[in-house]
Number of protein chains: 4
Amino acid sequence: MNKAILLIQCPDQKGIVAEVSRFLYSYQGNILEIDQHVDKGLSLFFMRAAWELDSFSLEKEKIAQQFEKEVGAKFKMDFKLHFNFPKPKMAIFVSKLSHCLFDILARHHSGQLEVDIPLVISNHKDLQSVVEAFNIPFHHIPVTKENKSASEAKQLELMQEHQVDFVVLARYMQILSGDFINHFPNRIINIHHSFLPAFVGAKPYHAAYERGVKIIGATAHYVTEELDAGPIIEQEVARVRHHNTIPDLVQIGQDVEKVVLSKAIQYHLDRKVLAFRNKTVIFY
Amino acid sequence: MNKAILLIQCPDQKGIVAEVSRFLYSYQGNILEIDQHVDKGLSLFFMRAAWELDSFSLEKEKIAQQFEKEVGAKFKMDFKLHFNFPKPKMAIFVSKLSHCLFDILARHHSGQLEVDIPLVISNHKDLQSVVEAFNIPFHHIPVTKENKSASEAKQLELMQEHQVDFVVLARYMQILSGDFINHFPNRIINIHHSFLPAFVGAKPYHAAYERGVKIIGATAHYVTEELDAGPIIEQEVARVRHHNTIPDLVQIGQDVEKVVLSKAIQYHLDRKVLAFRNKTVIFY
Amino acid sequence: MNKAILLIQCPDQKGIVAEVSRFLYSYQGNILEIDQHVDKGLSLFFMRAAWELDSFSLEKEKIAQQFEKEVGAKFKMDFKLHFNFPKPKMAIFVSKLSHCLFDILARHHSGQLEVDIPLVISNHKDLQSVVEAFNIPFHHIPVTKENKSASEAKQLELMQEHQVDFVVLARYMQILSGDFINHFPNRIINIHHSFLPAFVGAKPYHAAYERGVKIIGATAHYVTEELDAGPIIEQEVARVRHHNTIPDLVQIGQDVEKVVLSKAIQYHLDRKVLAFRNKTVIFY
Amino acid sequence: MNKAILLIQCPDQKGIVAEVSRFLYSYQGNILEIDQHVDKGLSLFFMRAAWELDSFSLEKEKIAQQFEKEVGAKFKMDFKLHFNFPKPKMAIFVSKLSHCLFDILARHHSGQLEVDIPLVISNHKDLQSVVEAFNIPFHHIPVTKENKSASEAKQLELMQEHQVDFVVLARYMQILSGDFINHFPNRIINIHHSFLPAFVGAKPYHAAYERGVKIIGATAHYVTEELDAGPIIEQEVARVRHHNTIPDLVQIGQDVEKVVLSKAIQYHLDRKVLAFRNKTVIFY
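All figures in this text were calculated on a predicted structure; none of them were measured in a lab.

Regarding the packing of aromatic side chains
In the structure shown here, the tally under the stated rule is 50 aromatic pairs over all chains. With 5.3 Å between their ring centres and 10° between their planes, Tyr267(B) and Tyr284(B) make a pair best called stacked. Of this pair, Tyr267(B) sits in helix H8 (residues 246–269) while Tyr284(B) is found in the segment after strand S13 (279–282), placing the two residues 17 residues apart along the sequence. A relative accessible area of 12% places Tyr267(B) in the buried class. On the basis of relative accessibility, which here comes to 27%, the residue Tyr284(B) falls in the partly exposed class. The structure contains a cluster of three or more aromatic residues connected by ring pairs, namely Phe23(A), Tyr27(A), Trp51(A), Phe56(A), Phe67(A) and Phe79(A). Against the face of Tyr284(C) rests Arg241(B), its NZ or CZ located 3.9 Å from the ring centre.

As C-alpha cells, then:
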C-alpha cells in the first residue's frame, strides 16, 4: 500500500489535531495511524499521521506545499513528509564483528526490511565474502589516524554517489568526525554495547564484569558529536550471573545488540521516530 | 486536574478523527491524549480522547448529549463519557490469600490508586484484621454450594448500597454466576494465576510444574460467563527453573499476579481499556 | 581446553556427590563445573560434572569403564560421558522460513557454535543458495503424503552417512514419524512458535491473535512421538499490543524463535541438558 | 526442616569439593543443595552446601570446629556456618515512602519471609501507624546534620538491644556513617532507585527522564563506605516510553524497587549470597 507519513514538531497549542485531521479529511485521506504527544515541560507538540496515498485527492508532489499553506505556517510547524516508496537507501558500516551485520542482511534477504542496501563499508576485509554472498557491494576503506579525513572523504563520496538516506553503524569501531555526522543529522544509527548511560566509552563488557552487575544491555541511538550521548532509540537488557565470564557477557550481549539495532532500524524506516534535543519520541 | 475522557467504538469510516477533534476544539477543549485504533479485519474503529474540563466551554452535564447530536449519531458511535471525579468505587473480593489484597491496599494507602474502596468481601475471615487495619469495612459472606445464590444476593445488595462501579477479584476462589456477572459487564477484573490460555482451570502452578515449563505467568482479564475466557487486560511472566518446587512456583507467581492485577486496575481506572468480543484495546 | 563432561541420573541416596568428586580427585581431575539436583517427588538424583582432561591421569578411553566400576554400578547410575572434541555433528532441517537457519549459520560462521554442520535438508529449494553461500551441502528432499516414508529413509541414510549426532528442526514444517524420532531420542530439537502448552498445533500466531493475548512466545523442545509435548529446553516471550496484526506477531515471534532455538542448541552442545519424562534439568 | 548451610571462600585448588562432600557424608549428612564457583581471574573458590541437620551425626555446636579441623584449615578456608533457626533478626530503616516497607511487611505477615522484625526505625513519623498495624515496634529517630552521630548512636544501641543480624534500608533517605556500616559488613541491604552504575546519587528518575532512556531499573546492594558502589545483589528493569513523566517513572520504578529488594532479602536470608570485593556470587 502506498502511504504518506507526516512527522510534526511545533509549539503546543489548542486545535492542532483538529486542523491536521481536517486537512487530511478534506482531501479524502484515509488515516491509518495518528499519534500525538505533548512535552508539557518544554511546551512542545509532536505528531505523526500516516494515510493511504492512492485515494488521496491531492497530488503527491503538492502535499507538502499545500500543508504548509493551510496548516503548517499557522502553527509554526517543523514538519517532514515521507512516503513509503521508493525504498530508502541505507549504508552499513562495519569493522570485524559480524553478528549485527548478519542479522540485518538476513532480515533484508527475507523481505522483512523494506530498504535498499546499496553498499557496505568496512575498515577491514574480514566480512567481504559474507556481504558479497548476499550480492551487496563491499567497499574496503582502511582507517588510520593519518588517513582518517581522506577515508571519510571517500566514504562521503560513496554516500553521495549512492544517494544514501541514512547510515547504520553495525559495530563500526571508528569514531566519526563532526563533519561527517553533520551530513546526516539524526540519520546515523549506532549500536552501543552497553545499557547507556552506564559504561560509556570503550570495553563496556569488561567494565560491567568488573562492577559485578546482574543485567547487561545494549543501546541504539542517533549519533551526535558528543560520544554515546545522542538520542536513544531503543534499549534492551539480558540477565547475567556470577559465573558468566567476559566472553560470556560478549556473547549474551551480542544477542541483545542485534535485536536492539534491528528494532531501531525498523522504527526509523517506519518513520516512527521524532528526535529532539537528546531524546526521541517513538510512536510504536 | 479535572479531566473528561471519551471512549468510542464504531464502524470504521473516513473523517472520524477530524470530527471528534473539531468537536473538542469548537468548545476550547485542550486535548491531553488522543489515541485511535482500527481493527481492519472487523472494520471497527476505536478511539480514546482525554481533555481538560476546566477550560471547556460546554457544561459537564451537556457534553454527552451534545456529542451524540453533533458527532455520535452520524457515525453510529457506541461511546462512553467518563470524568476523573468523583473517584470511582471499587469493591474487592478475596478468599484467604493476601498478596494481591495487600498490594492494592498499599497502593491505595499511598495515594497511587485514585479510587474509593467502600468494602472488601470475603468468604473467609482470615484477612479481616488486615483490611480493618486499613480502615476499610470488611464483610464476611461464607459461600457454600447450598447458599451460593443467597450469598450472591447479599453481595449484590452491598454493591448497590455502596454504588460500586467495578469489582476486583483479588484471588477470590469462587466462580461467580452469570447473573452476577451480567450486573457488571466488563467491570469485574479477575487475576488468573497462569499465562492464559495455558493451564486454564484449577491448580495452574501444579500443571505448570508437571509440564516442565521454563516460564510461568499471570493474566488479568474481565470476567465473562465462560470461565477464564474473558478479554485479557494484562499479562506478565517470570522465569522458573528445574529446581523450583511447586511452592516456589506459587511464590514466584504471586509476585507476578499482584503486579499484573494492579496494572489492570490502573488501566481500568484511567479509562484506557476498550473491550470488544474476547479482546481489549488498551491505549497506554 | 579439552574437557570431559559426565551426566548422571540415578535413584537419590546419600553420598553420591562425595563419591563422584572423590573419583575425579583421585585421578587429579580439575573440576570446572559441578551441579546437582534432586527431584524430591520422584526421588531422582541428577548431576553434571565437567573437568579438564589434559591433567587427568586416567586415559580418555578408560574413564567410562572405570567410573562404572568404581561409582556407577554402586549407585545404579544411568550416566553418559561426553568430550568437547571432536565437535559433534548437527544436521539442520528447514522448509522455507529462513530466520532460524540464518541465525544458526551466522553463529556457526563467527565461531560461536562449536559444532560441525555436515548438511542441511529441506523439502523445498528456497534456501539452497543461502546455505551454499555458507559452504554447507544442501539436500533437497521433497515430502508428500505419498513419498513420506521413502523421504525419511533417504534422510536417515544421510544421517548415517554423515554420522550425525543430533538434528535441529529450524522451522521444518513436517511431522516426523515415530520411527525417525526413535533413531534420535532426546536428540532432535524443535522450535515451536508458541509459548507451549498454549496454542499447540498449527497456526499459533493466528490463535494468539484471536485470543487477544498480550504476550506471545516460542518454545524449544526435544521431539517425542506426542506432538508438541516433548521435554521443554527453553522458552522466551515478547510483548504484543492490540494494534499488532498477525503478520506483526509473526515477525515479533520470529525474533523470539531464533534466540530460543539458538539457546537450546547451545545448552545441548554444552551437555547441560538432562531430559527425563517430559521435562528437562538444565544446569546453566 | 532444620538445615545447616556452609558458605566457603578460599584460594582455588583441586579436591575441595571432594573433601567437603566427604566430610558431610562421613557424618551422614543428606545434601540438599551444593554449588560451587571458581573465579579464574582471581583464583578464588566459592562454595555453598546445605544439608539436613536432623539426621547429621555431629552435634550442631561442634560442626564449625570439626570442619575447621578436618577441612577448613587445610584449604585456608574463610567459611561461615549458618542454621535456618532460630530466625534471624532484621531491622528495617525507612523515611516516608511506604512501597518497599509495605511489601516486606506483607510478605512477613503471610509467612513468606522467615525472619523476625524486632523494630522499624524512621527519621519521620509518617509510617508509624502502618508499622504498628502490623504489631511491629516503631522508633522515631529524627536525623539532622547536627544530631546525626547522636542519632546513629541511638540506632546502634537499638540494634544491640534487639540483637539485630542485618539491616534493610527500605528507601531510607539518609547516608550512614562509615562507623555504622562497619558494624554490619555486608549485612546492610540498600535499594537504590536506579539501574546502577547508571544514575548514581540523588534523583535518578529525574536524571533518567532528562537522558531519555527507554528502560529504568533498581538495584539492591550491600552498603559500603563508597556511596552506591557496594556489591550488587539483584537488579531489575522496566520499560518506559516518551510519554512517561517523572511521576510515572517514580511509580513504575517503585514496582521494580520493591520486587528487587524483596528478592535480595530472600537471597540473604537463604544464605545464598557470598560477597567479595565489590561483587557477589549468588547461588540461586
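What about the relation of the copies chain D and chain A?
Taken as rigid bodies, chain D and chain A are interconverted by a rotation of 180° and an axial shift of 0.0 Å, the fit giving an RMSD of 0.0 Å. Viewed as a symmetry operation, the transformation between the two copies matches a two-fold axis. Considering only C-alpha atoms, the residue of chain D closest to the rotation axis is Ala198(D), which sits at 2.3 Å. Here 100% of the contact residues of chain D are again contact residues in chain A; the copies associate through an equivalent surface.

Section: the pattern of salt bridges
Across all of its chains, the model carries 56 salt bridges over all chains by this definition. For Arg48(B), the salt bridge is made with Glu33(B), and the minimal N-O distance between the two is 2.7 Å. Of this pair, Arg48(B) sits in strand S3 (residues 44–52) while Glu33(B) is found in strand S2 (residues 31–39), placing the two residues 15 residues apart along the sequence. If you follow the salt bridges from partner to partner, you end up with Glu19(A), Arg22(A), Glu70(A) and Lys74(A) in one network.

Let's talk about unusual backbone geometry
A cis amide bond links Leu196(A) with the next residue in sequence, Pro197(A), at an omega value of 5°. Structurally, Pro197(A) can be placed in the loop between strand S9 (188–192) and helix H7 (204–211). The peptide bond linking Phe85(C) to Pro86(C) adopts the cis configuration, its omega dihedral lying at -10°. Here Pro86(C) lies in the loop between strand S4 (78–83) and strand S5 (89–94). At Arg171(B), a position not held by glycine, the phi torsion is positive, near 65°. Following the sequence through the fold, Arg171(B) ends up in the loop between strand S8 (166–169) and helix H6 (178–183). For Asp228(C), which is not a glycine, the phi torsion comes out positive at approximately 60°. When you line up the elements, Asp228(C) lands in the loop between strand S10 (215–222) and strand S11 (232–239).

Side note on the interface of chain C and chain A
Taken together, the 19 residues of chain C in the interface contact 19 residues of chain A. Between chain C and chain A, roughly 1500 Å² of surface is buried when both sides are summed, and carbon and sulfur atoms account for 53% of that area. Our count for the contact surface shared by chain C and chain A stands at 4 salt bridges. Asp103(A) is the salt-bridge partner of Lys258(C), the closest N and O atoms lying 2.7 Å from each other. In this assembly, chain C and chain A are joined by 6 residue pairs in polar contact (both at pLDDT 80 or more). Of all the elements in the fold, those that place two or more residues in the side of chain C that touches chain A are helix H3 (99–109), helix H4 (128–133) and helix H8 (246–269) of chain C. Of the residues that constitute the side of chain C that touches chain A, the class distribution is 6 nonpolar, 8 polar and 5 charged.

With respect to the relation of the copies chain C and chain A
Superposing chain C onto chain A takes a rotation of 180° combined with a translation of 0.0 Å along the rotation axis, leaving an RMSD of 0.0 Å. Take the interface residues of chain C: 100% of them recur as interface residues in chain A, which is what a same-surface contact looks like.

As for the UniProt feature "domain: ACT" (unreviewed entry) in chain A
Per the UniProt record, "domain: ACT" (unreviewed entry) is annotated on residues 5–86 of chain A. Between the end C-alpha atoms of residues 5–86 of chain A there is a gap of 13 Å, over a span that is 26% helix and 38% strand.

Structural notes on the sheet that holds strand S8 (residues 166–169) of chain C
The pairing of strands in a sheet comes from backbone hydrogen bonds and takes either a parallel or an antiparallel form. All names here are of chain C. The 7 strands lie next to each other as S7-S6-S5-S8-S9-S10-S11, forming an open sheet whose pairing is mixed. Edge positions in the open sheet fall to strand S7 (138–140) and S11, since each of these has one partner strand only. For this sheet, the mean inter-axis angle between neighbouring strands, taken without regard to orientation, is 20°. Pairing of strand S9 (residues 188–192) with S10, which is carried by 4 bridges, proceeds in the antiparallel orientation. Residue pairing in the sheet places His192 in a bridge with Thr219 of S10. Running over the sheet, helix H5 (residues 148–161) touches S5, strand S6 (116–122), S7 and S8 and is turned about 170° from S6.

Observations concerning the interface of chain D and chain A
Contacts between chain D and chain A engage 34 residues on the former and 34 residues on the latter. Between chain D and chain A the total buried area reaches about 3100 Å² when both faces are included, carbon and sulfur atoms providing 50% of it. The three residues of chain D that bury the most area against chain A are Arg211(D), Lys214(D) and His242(D), which together make up 22% of that side's buried surface. Glu234(A) serves as the salt-bridge partner of Arg239(D), at 3.1 Å between the closest nitrogen and oxygen. Inspection of the region where chain D meets chain A yields 23 residue pairs in polar contact (both at pLDDT 80 or more). Secondary structure elements with two or more residues in the side of chain D that touches chain A: strand S2 (30–39), helix H7 (204–211), strand S11 (232–239) and strand S13 (279–282) of chain D. No other element matches S11(D), which puts 7 residues into the side of chain D that touches chain A. Among the residues forming the side of chain D that touches chain A, the class breakdown is 16 nonpolar, 8 polar and 10 charged.

Reading guide: rules and limits
Residues numbered from 1 in each chain as written. Chains lettered and ligands numbered in written order. Predicted model: local features only at pLDDT ≥ 70, side-chain atom pairs only at ≥ 80, totals over all residues. Heavy atoms only, no water. Phe/Tyr/Trp six-rings, centres within 6.5 Å; stacked < 30°, edge-to-face > 60°. Helix = DSSP H or I, 4+ residues; strand = E, 2+ residues; numbered from the N terminus. Buried < 20%, exposed > 50% of the residue type's maximum accessible area, 1.4 Å probe, protein only. Lys NZ or Arg CZ within 6 Å of the ring centre and 35° of its normal. Least-squares fit on C-alpha atoms with pLDDT ≥ 70 in both. Contact = heavy atoms within 4.5 Å. Salt bridge = Lys/Arg side-chain N within 4 Å of Asp/Glu carboxyl O. Buried area = accessible area lost by both parts, 1.4 Å probe. Polar contact = N/O pair within 3.5 Å; in protein donor to acceptor, adjacent residues only side chain to side chain. Nonpolar A, V, L, I, M, F, W, Y, C, P; charged D, E, K, R; others polar. UniProt positions renumbered as here; feature names shortened; annotations may be inferred. Pairing = 2+ DSSP bridges. Axes fitted to C-alpha atoms, helices over the stretch in contact; angles between N-to-C directions.

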